[in-house]
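Fold and geometry: a report
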Amino acid sequence: MAERGRPRGFDADAALDRAVEVFWRQGYEGASLSDLTEAMGINRTSVYAAYGNKEELFRRAVARYAEADMAYAREALTQPTAYAVIEAFLRANADALTRAGRPPGCLSVQGGLAEGGDHGHIARFLADSRLAGERALADRLARAITEGDLPEDTDPLALARYVMVVSEGNAVHAAAGAGRAALHATVDIALRAVPGHHTDGAA
C-alpha cells in the first residue's frame, strides 16, 4: 500500500535521483524545499512522508550518489597494483566530473559549499563521507606495501590523502568549467608522484 502523501505510481529512486541533481547543482543550503519538490514531482507532504526532513533527504541523496555515481571508486580498489588503483580512480573520477548530462563537479564537494545554517552538521557529514573513501584507499595501499608492490617507507595514509586532494581539487575546477582533457592533464602529473610508477611504463 502506498504511503500517505505519495502520489500513485511514485518512484522513490527516480525522485531521489532528481533530488541528487538539485543538491549537486545548488548545494545543501542553496536547494530550497520548493526547488526539491518541483524537481521530484511531489509535494512537501510526500517529501516528509517518504524521506523525513531536508537533512535526511540530503543524506539519502548522498548515499544514492555514492552507490551510483561513485561506483568507479570501489571498482578501482580491485585493480592488481597500487599504481593501477590510483590511476583507475583518478581517470574515472576525471570522467565522472565531466560526464555529459550530469552537473559538473562532485556532489560531496559541491553539496557542502557555502553552508552553515545547520551548525556544520552537513559539512561534517560530507567530510566523514569523503574520509571513509580515503580510509578505504589507504587500506588498499597498506596492503600493497605488505605485498611488496609499494616501497616499505611509503605512508599509505599520506598517499591516500594526496590522491583525494587531487580528485577533490579536480572537482572544484570541473565545477568552475575545466574540461575533461584539463583534468586528465592534472592526473598525468599527479601519477608521477606515485612510488614505483616507472615500473608500469609511465612517464
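Residues numbered from 1 in each chain as written. Predicted model: local features only at pLDDT ≥ 70, side-chain atom pairs only at ≥ 80, totals over all residues. Heavy atoms only, no water.

Description of the overall build of the protein chain
- Secondary structure summary: the protein chain contains 10 helices and zero strands in total.
- Secondary structure elements in the protein chain, listed N-terminal to C-terminal, are α-α-α-α-α-α-α-α-α-α.
- Put simply, the protein chain has 203 residues, and 41% of those count as buried.
- Surface exposure of the protein chain reaches about 10,400 Å², of which carbon and sulfur atoms provide 52%. (Helix = DSSP H or I, 4+ residues; strand = E, 2+ residues; numbered from the N terminus. Buried < 20%, exposed > 50% of the residue type's maximum accessible area, 1.4 Å probe, protein only. Areas by Shrake-Rupley, 256 points an atom, 1.4 Å probe, with all protein chains shown as cover.)

Some remarks on helix α8 (residues 121–146)
- In this model α8 runs 37 Å from its N-terminal to its C-terminal C-alpha over 26 residues, within 8% of the 38 Å that 1.5 Å per residue would give.
- Of the residues making up α8, those classed as buried are Ile 122, Phe 125, Leu 126, Glu 134, Leu 137, Ala 138, Arg 140, Leu 141, Ala 144 and Ile 145.
- The secondary structure elements touched by the buried residues of α8 are α1 (12–30), α4 (54–68), α6 (82–97), α7 (107–110) and α9 (156–175).
- Of the residues trailing α8, Gly 148 is marked for its positive phi of about 80°. (Expected span 1.5 Å × (residues − 1). Contact = heavy atoms within 4.5 Å.)

Observations regarding the pattern of salt bridges
- All chains considered together, the criterion is met by 11 salt bridges.
- Its salt-bridge partner being Arg 25, residue Glu 21 comes within 3.5 Å of it at the nearest N-O pair. With a gap of four residues between them, Glu 21 and Arg 25 both fall in helix α1, about one helical turn apart.
- In the salt-bridge network here, residues are joined through shared partners; they are Asp 13, Asp 17 and Arg 64. (Salt bridge = Lys/Arg side-chain N within 4 Å of Asp/Glu carboxyl O.)

Re the confidence of the model for the protein chain
- Confidence along the protein chain averages 87 in pLDDT terms, with 88% of residues attaining 70 or more.
- Of all helices and strands in the protein chain, the one with the weakest mean pLDDT is α7 (81), whereas helix α10 (residues 180–191) scores best (98). (pLDDT = per-residue confidence, 0-100.)

Focus on α6
- The end-to-end C-alpha distance of α6, which contains 16 residues, comes to 22 Å, matching closely the 22 Å that a straight helix rising 1.5 Å per residue would cover.
- Along α6, the positions that sit buried rather than exposed are Ala 82, Tyr 83, Ala 84, Val 85, Ile 86, Phe 89, Leu 90, Asn 93, Ala 94, Ala 96 and Leu 97.
- Looking at the packing, one finds that the buried side of α6 touches α5 (71–76), α8, α9 and α10.

A look at the side chain of Glu 134
- With respect to the element layout, Glu 134 can be found in helix α8.
- Every residue in contact with Glu 134, bar those within four places of it in the chain, is listed here: Ala 160, Arg 161 and Met 164.

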